[in-house]
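Coordinate analysis (summary)
Spelled out from the first residue to the last, the chains are:
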There are 2 protein chains.
Amino acid sequence: MDQVDRILAQWHQERPDLDVTPMGMFGRFGRLRSVLMSGLDDIFRAHGLSAASFDVLATLRRSGPPYALSPSDLIAWTMVTSGTMTNRLDKLEQAGLVSREKNPEDGRGFVIALTQKGRDLIDAAVTDHVANQHRLAEGLTGDEQAQLDGLLRKWLAAVEGQAK
Amino acid sequence: MDQVDRILAQWHQERPDLDVTPMGMFGRFGRLRSVLMSGLDDIFRAHGLSAASFDVLATLRRSGPPYALSPSDLIAWTMVTSGTMTNRLDKLEQAGLVSREKNPEDGRGFVIALTQKGRDLIDAAVTDHVANQHRLAEGLTGDEQAQLDGLLRKWLAAVEGQAK
DNA sequence: AAAATTTATCTTGACGTCAAGATTTATCGA
DNA sequence: TCGATAAATCTTGACGTCAAGATAAATTTT
């Protein structure tokens, strides 16, 4: 009986007309998300990054040489709005982790590239981040992790389809 | 092969030294969270609420008569900081959905209570919200939902334990 | 070519959140 | 009873996010 169970018990008492069965799953999903995010943040902060800046640097890094993408590409990968990306890039450029130069082939656009400093930082941060994910996942066995991943994959495909 | 799989493939290519197995689960978890939140928001917005205000009103409602709690109680249930709660209560009070009166038994504290308007609103909103959760969960069978809930429960218990 | 449309990016304004610190009131120990 | 400590709440300042709208350049139409 965890906190989410107590919430469900209250609803059962106060609104017995409602079938709140799925609410437990949603509730635990939300709480877990918040605990996991804070666990991941520890490592980001240790490298002077936030989840937001890590996200951008990691996207550039894993895109491979020359570690450069347009803001539009970054927006597509990270699924944030253009305003959010502008903000993130302002911060990263100011920190000297990325460069932002006019795209010679398209006057409307820019090219965002990892600086050497950005490259070094994200390589170290990713190494720690992956180790951290392994640590956080330890609460489940390998089989359970695979099972969970399968369920998340199926659910994600279902709701993404119906969303659009 | 979804978007998360593509990210993993990039890491495999660029950083073959890393075992990114858990990253898929974390990635899908995050994307799913964002899709689900936006699906839930639709209903909140239809009632003129945000996830934040719904959260507070629902906590008061399910606490049962007299539908009143202290800010501290609300903070404990919703797991937000005191500053956040003050903000939420300001908005809700201004909208006439809750009242905020000095606690006669403790000069330091207040009592937050649902107004009749707040009570009516949250009862209608919760009904729709629960139906919406059922709809969003349809992508999984009943068995799968139970399985997922079990895994989330186990994982949550594990990471909550290690967090503190 | 000139006009209309589309694309790429940035700006602005409003939210919601948190951390840290301030204020006020209770409570406890000497 | 008085000073110290604890508790409850609010204030302030900094983030990160989004929606909507503004610019500017490329592309498509006419």
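Residues numbered from 1 in each chain as written. Chains lettered and ligands numbered in written order. Predicted model: local features only at pLDDT ≥ 70, side-chain atom pairs only at ≥ 80, totals over all residues. Heavy atoms only, no water.

What about the overall build of chain A?
When helices and strands are counted, chain A shows 7 helices and 3 strands. When the helices and strands of chain A are listed from N to C terminus, the series reads α-α-α-β-α-α-β-β-α-α. Its C-alpha radius of gyration of 20 Å places chain A more than 25% over the 15 Å reference for a compact globule of 164 residues. Buried positions account for 46% of the 164 residues belonging to chain A. A sequence separation of at least 24 residues applies to 48% of the contacts in chain A between residues at least 6 apart. For chain A, the computed accessible surface area is about 8,000 Å², with 53% contributed by carbon and sulfur atoms. Across chain A, 19 positive and 22 negative side-chain charges occur, with their mean positions spaced 3 Å apart. (Helix = DSSP H or I, 4+ residues; strand = E, 2+ residues; numbered from the N terminus. Rg over C-alpha atoms; globule rule 2.2 N^0.38 Å. Buried < 20%, exposed > 50% of the residue type's maximum accessible area, 1.4 Å probe, protein only. Contact = heavy atoms within 4.5 Å. Areas by Shrake-Rupley, 256 points an atom, 1.4 Å probe, with all protein chains shown as cover. Lys, Arg positive; Asp, Glu negative; His and termini not counted. Charge placed at Lys NZ, Arg CZ, Asp CG, Glu CD.)

Points about the UniProt feature "domain: HTH marR-type" (unreviewed entry) in chain A
Here the UniProt-annotated "domain: HTH marR-type" (unreviewed entry) positions come out as residues 1–157 of chain A. The distance from the first to the last C-alpha atom of residues 1–157 of chain A is 31 Å, and the span holds 69% helix and 8% strand. (UniProt positions renumbered as here; feature names shortened; annotations may be inferred.)

Concerning the domain arrangement of chain A
All names here are of chain A. Splitting chain A by domain gives domain 1 (1–47) and domain 2 (49–135). Computed from C-alpha coordinates alone, the two centres of domain 1 and domain 2 are separated by 32 Å. Across the contact, 8 residues belong to domain 1 and 11 residues belong to domain 2. Counting the surface domain 1 buries against domain 2, the share from its top three residues, Ile43, Phe44 and His47, is 74%. For the pair domain 1 and domain 2, the number of links is 0 salt bridges. Seen at the junction of domain 1 and domain 2, the total is 5 residue pairs in polar contact (both at pLDDT 80 or more). Of the residues contributing to the side of domain 1 that touches domain 2, the split by class is 4 nonpolar, 2 polar and 2 charged. (Domains from an automatic or database assignment. Buried area = accessible area lost by both parts, 1.4 Å probe. Salt bridge = Lys/Arg side-chain N within 4 Å of Asp/Glu carboxyl O. Polar contact = N/O pair within 3.5 Å; in protein donor to acceptor, adjacent residues only side chain to side chain. Nonpolar A, V, L, I, M, F, W, Y, C, P; charged D, E, K, R; others polar.)

Focus: the protein's contact with DNA strand C
In the neighbourhood of DNA strand C, 21 residues make up the surrounding shell, with A:Ser72, A:Ser82, B:Thr84, B:Arg88 and B:Gly107 lying closest. Within the side chain of A:Arg100, a nitrogen or oxygen atom sits 3.3 Å from a phosphate oxygen of DNA strand C. A distance of 3.5 Å is found between a phosphate oxygen of DNA strand C and a side-chain nitrogen or oxygen belonging to B:Ser50. Of all elements in the fold, only helix H4 (71–78) and helix H5 (82–94) of chain A together with helix H5 (82–94) of chain B reach the threshold of two or more residues within the surface near DNA strand C. In terms of residue count, the dominant contributor to the surface near DNA strand C is H5(B) (4 residues). Looking at side-chain class alone, the surface near DNA strand C contains 4 nonpolar, 11 polar and 6 charged residues. (Near = heavy atom within 4 Å.)

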